[in-house]
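Take a look at the letters that make up each chain.
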Amino acid sequence: EPEVTQTPSHQVTQMGQEVILRCVPISNHLYFYWYRQILGQKVEFLVSFYNNEISEKSEIFDDQFSVERPDGSNFTLKIRSTKLEDSAMYFCASKDRTRIRAGETQYFGPGTRLLVL
Amino acid sequence: AQKITQTQPGMFVQEKEAVTLDCTYDTSDPSYGLFWYKQPSSGEMIFLIYQGSYDQQNATEGRYSLNFQKARKSANLVISASQLGDSAMYFCAMSSSNTGKLIFGQGTTLQVKP
């Protein structure tokens, strides 16, 4: 069964360093998302991506964040200069529709646990 | 603004019994979707069940059913015949924007007792 994969599973970095989180969405999916979950809290939307551009972003997704789909399979989230409060689990998700309609299921990757020291 | 509320931070249920996890939502969009995800201690997010706002019947997926009451804006998850492996955090979520982003509730921790 196809699944979303994410690498690395864990990353420890120093404050101020750049990190790149990688995701491989399910191959025929067209919509891609990043979410984050600070320990013990709810899952928060960061950004959605469709047709090679950002379709929506939250207020959390400031200039320190960027996303890219460098090839036909990978979807990356870059944090340029990490802060302590960026420590969280980051989830990639994807869904499959040729047109946007509320309700299609998003399938989540296993997450990358980021710790900023 | 869209909002999901889960008022039960923690629930206990005896193995083999049924349990209902509450979820209420608020949206002004006429079309939306409601989801439940399971997050075990290992951290992954596992999709359980989906209900569309225009679906006439309540969704069911195996031991999971969604008690959808549109007028009350509630979408409670019912797990029948609980198993020890059902112990996890459960999140209710809603999607209604053009981009399909999910808005999550705070989650309910379910513990199944043997």
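Our subject is the structure listed above.
Bear in mind the structure is a predicted one, so any value in this text is a computation, not a measurement.

Caption draft 1: Layout of the overall build of chain A. Looking only at helices and strands, chain A has zero helices and eleven strands in total. Reading chain A from its N terminus to its C terminus gives the helix and strand order β-β-β-β-β-β-β-β-β-β-β. Taken against the 2.2 N^0.38 rule, which gives 13 Å for 117 residues, the C-alpha radius of gyration of chain A at 14 Å falls within 12% of a compact globule. Considering only C-alpha atoms, chain A reaches an extent of 40 × 30 × 30 Å along its principal axes. In chain A, buried positions account for 48% of the 117 residues. Excluding contacts between residues fewer than 6 apart, the proportion of contacts in chain A whose partners are at least 24 apart in sequence is 55%.

Caption draft 2: Representation of the interface of chain B and chain A. Taken together, the contact pairs 23 residues of chain B with 23 residues of chain A. Summed over both sides, the interface of chain B with chain A buries roughly 1800 Å², with 55% coming from carbon and sulfur. Of all residues in chain B, M45, T99 and F104 of chain B bury the most surface against chain A, accounting for 29% of the area lost on that side. Across the contact surface, chain B and chain A share one salt bridge. Counting the contacts that link chain B with chain A gives five residue pairs in polar contact (both at pLDDT 80 or more). Where the side of chain B that touches chain A is concerned, the elements lending two or more residues are strand 5 (33-39), strand 6 (46-52), strand 10 (88-95) and strand 11 (102-104) of chain B. For the side of chain B that touches chain A, the class distribution of residues is nine nonpolar, twelve polar and two charged.

Caption draft 3: Expanded view of the pairing of strand 4 (residues 31-37) of chain A. All names here are of chain A. Burial of strand 4 is extensive: seven of the seven residues sit out of reach of the surface. Of the two faces of strand 4, both are covered, the one formed by Y31, Y33, Y35 and Q37 as well as the one formed by F32, W34 and R36. Pairing of strand 4 with strand 5 (residues 44-50) involves six bridges; the strand directions are antiparallel. Counterpart to W34 in the pairing with strand 5 is V47. The antiparallel pairing of strand 4 with strand 5 creates a hairpin that spans six residues between the two strands, and G40 there sits at a positive phi of about 80 degrees. With seven bridges joining them, strand 4 and strand 9 (residues 88-95) adopt antiparallel strand pairing.

Caption draft 4: Layout of the state of the cysteines. If you walk through the whole model with that rule in mind, you get two disulfides over all chains. In this model C23 of chain A forms its disulfide with C92 of chain A; the gap between the sulfur atoms is 1.9 Å. Between C23 of chain A and C92 of chain A, the disulfide has an S-S torsion of -60 degrees and is therefore left-handed. Here C23 of chain A, found in strand 3 (residues 19-24), pairs with C92 of chain A, found in strand 9; they are 69 residues apart in sequence, far enough to count as distant. In this pair, the class of C23 of chain A matches that of C92 of chain A, namely buried. Between the sulfur atoms of C23 of chain B and its disulfide partner C92 of chain B the distance amounts to 2.0 Å. Of note, the bridge from C23 of chain B to C92 of chain B carries an S-S torsion of about -65 degrees and is left-handed in sense. With a gap of 69 residues between them, C23 of chain B in the loop between strand 3 (19-21) and strand 4 (24-26) and C92 of chain B in strand 10 connect regions that are remote in the sequence. An identical accessibility class is assigned to C23 of chain B and C92 of chain B; each is buried.

Caption draft 5: A look at the packing of aromatic side chains. On inspection of all chains with the given rule, the structure shows 21 aromatic pairs over all chains. Ring geometry for Y25 of chain B versus Y32 of chain B: centroids 5.1 Å apart, planes at 55 degrees, classification tilted. For the pair shown, Y25 of chain B and Y32 of chain B are each scored as buried. Within the aromatic cluster, the residues linked to one another by ring pairs are Y33, Y35, F45, F91, Y107 and F108 of chain A together with F35, Y37, F47, Y50, F91 and F104 of chain B. Note that K95 of chain A overlies the ring of Y31 of chain A, its terminal NZ or CZ placed 5.3 Å from the centroid.

Caption draft 6: Spotlight on the environment of Q11 of chain A. Residue and element names in this part refer to chain A. With respect to the secondary-structure elements, Q11 resides in strand 2 (residues 10-13). On the accessibility criterion, Q11 (21% relative accessible area) is partly exposed. C-alpha separation for the pair Q11 and T112, spaced 101 residues apart in sequence, amounts to 7.2 Å. Beyond its immediate chain neighbours, meaning those up to four positions away, Q11 contacts V19, I20, L21, R113, L114 and L115.

Basis of the calculations
Residues numbered from 1 in each chain as written. Chains lettered and ligands numbered in written order. Predicted model: local features only at pLDDT ≥ 70, side-chain atom pairs only at ≥ 80, totals over all residues. Heavy atoms only, no water. Helix = DSSP H or I, 4+ residues; strand = E, 2+ residues; numbered from the N terminus. Rg over C-alpha atoms; globule rule 2.2 N^0.38 Å. Buried < 20%, exposed > 50% of the residue type's maximum accessible area, 1.4 Å probe, protein only. Contact = heavy atoms within 4.5 Å. Buried area = accessible area lost by both parts, 1.4 Å probe. Salt bridge = Lys/Arg side-chain N within 4 Å of Asp/Glu carboxyl O. Polar contact = N/O pair within 3.5 Å; in protein donor to acceptor, adjacent residues only side chain to side chain. Nonpolar A, V, L, I, M, F, W, Y, C, P; charged D, E, K, R; others polar. Pairing = 2+ DSSP bridges. Disulfide = S-S within 2.5 Å. Phe/Tyr/Trp six-rings, centres within 6.5 Å; stacked < 30°, edge-to-face > 60°. Lys NZ or Arg CZ within 6 Å of the ring centre and 35° of its normal.

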